[in-house]
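Here is what each chain is made of, one letter per residue.
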Amino acid sequence: MEVAFVYDLRDDYRAMGWSEEALAEFDSAETVEAVAAALQRAGASVACIGHGRALAARLVAGQRWDLVFSIAEGASGRSREAQVPALCELFDQPYAFSDPLTMAATLDKAVAKRIVRDAGIVTAPFAVLDTVEAAQALDMAFPLFVKPVAEGTGKGCSLASRVTGRAALCTATADLLARFRQPVLVESFLPGREFTIGLLGTGAAAEVIAVLEVTVARGGGATVYTFDDKEECETRVHYALATDAEARAAAAGAVAAYRILGCRDAARLDFRSDARGVPHFLEVNPIAGLHPTHSDLPILTRQSGRSYDWLIAGILHSAMQRYPRPVPLALAAG
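Residues numbered from 1 in each chain as written. Predicted model: local features only at pLDDT ≥ 70, side-chain atom pairs only at ≥ 80, totals over all residues. Heavy atoms only, no water.

With respect to the helices and strands, the residue Ala 168 is situated in helix α8 (residues 166–180). By relative accessible area, Ala 168 is classed as partly exposed at 35%. Sequence spacing of Ala 168 and Leu 144 is 24 residues, and the spatial spacing of their C-alpha atoms is 10.0 Å. (Helix = DSSP H or I, 4+ residues; strand = E, 2+ residues; numbered from the N terminus. Buried < 20%, exposed > 50% of the residue type's maximum accessible area, 1.4 Å probe, protein only.)

Shown next as structure tokens:
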């Protein structure tokens, strides 16, 4: 089978003068090489295309493939993760992962929280702020957690994101509004355990790969999982498989959220518990990072006893079920 591999390479945007924080969601050359090699081992002939604009040029020129496998985040806009799937649908090109509606809805954390809340999935009280004046008038109990409404990879999350008073809330809101030029999500701070859950498959066939508990190696009471922690996870973060009742509740919530949001093929969902040990939905990443050793989804796959090749082949297999005459895949044994 012929697979077009689409991605946003960090080096390309670094050469354009982007900051390291702005580059965080994009992929390293090491990730691109690892995914391409795993796709080949799954039986695919891989064309490395690059970013969405390069894919557009190829599609306009009349090129087609059995499948587009895109981990491209998009460069700008609240719906940037939906750009490649929308392009594929415009040209009737089969593709992996979620459709444009799901990609756009999940990148905006407030939209995703409204959808899962209306479906009965527990999520913390929240508000969306467009101005510092809105922060001054906000009627929510402290402590609160503040972050950009439509960013990933922990961008905008720092120790200053946990605020305990009005002045700190206004300062954090002003900083994020200026840096990210988008609304700010404010939610009740959850002091309990943090879980990240990987899922594989689509609809009724979607299953949990594993639940990881995320613990930051930092003292001083309640901690937050920051952008810097994610970037330096090898030395700052401890990941451990979790199978107890609280972890199973997080997994059940993740499956429900995955299905109600329409996620397909694979995704990673984050939950955090309140003081009573009740897991709350935080967010979902429908195109989770795929670096073999640095990204959470491959980490939890490996800790579950399965291989990186098993994960990539499983995503391919799930995607091809949506299209006529699916091509047999060399699924890894795990």
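That was the structure; now back to the text.
The subject of this paragraph is the sheet that holds strand β2 (residues 45–50). Taken in spatial order, the 3 strands make up an open sheet running β2-β1-β3, and their pairing is parallel. Looking along the sheet, the strands with just one partner apiece sit at the ends: β2 and β3 (67–70). Strand-to-strand twist in this sheet, taken as the mean axis angle between neighbours without regard to direction, amounts to 25°. Inspection of the sheet shows strand β1 (residues 2–6) paired to β2 by 5 bridges, in the parallel sense. Along β2, the bridge assignment pairs Val 6 with Gly 50. Packed onto the sheet, helix α2 (residues 29–41) meets β1, β2 and β3 and runs at close to 170° relative to β1. Packing against the sheet, helix α3 (residues 52–60) makes contact with β1, β2 and β3, and its axis sits at approximately 115° to β2. (Pairing = 2+ DSSP bridges. Axes fitted to C-alpha atoms, helices over the stretch in contact; angles between N-to-C directions. Contact = heavy atoms within 4.5 Å.)

With that settled, the discussion passes to the pattern of salt bridges. Using the criterion set out here, one finds 20 salt bridges in the structure. Put simply, Glu 151 and Arg 80 hold a salt bridge, and the shortest N to O gap is 3.2 Å. You can see Glu 151 sitting in the loop between β5 (144–148) and β6 (162–163) and its partner Arg 80 sitting in the loop between β3 and α4 (83–90), a full 71 residues away along the chain. For Arg 193, the salt bridge is made with Asp 244, and the minimal N-O distance between the two is 3.0 Å. Of this pair, Arg 193 sits in the loop between β7 (184–188) and β8 (194–200) while Asp 244 sits in the loop between β10 (237–241) and α11 (245–260), and the two are 51 residues apart along the sequence. Since its relative accessible area comes to 23%, Arg 193 is described here as partly exposed. The network of salt bridges with shared partners includes Glu 25, Arg 80, Glu 151 and Lys 155. (Salt bridge = Lys/Arg side-chain N within 4 Å of Asp/Glu carboxyl O.)

With that settled, consider the sheet that holds β8. Either a parallel or an antiparallel arrangement is found when strands of a sheet pair, and the pairing is made through backbone hydrogen bonds. Read from one edge of the open sheet, 5 strands run β10-β9-β8-β11-β12, paired in antiparallel fashion. In this open sheet, the two strands that pair with only one neighbour each are β10 and β12 (279–285). Pairs of neighbouring strands in the sheet enclose a mean axial angle of 30°, with direction left out of account.

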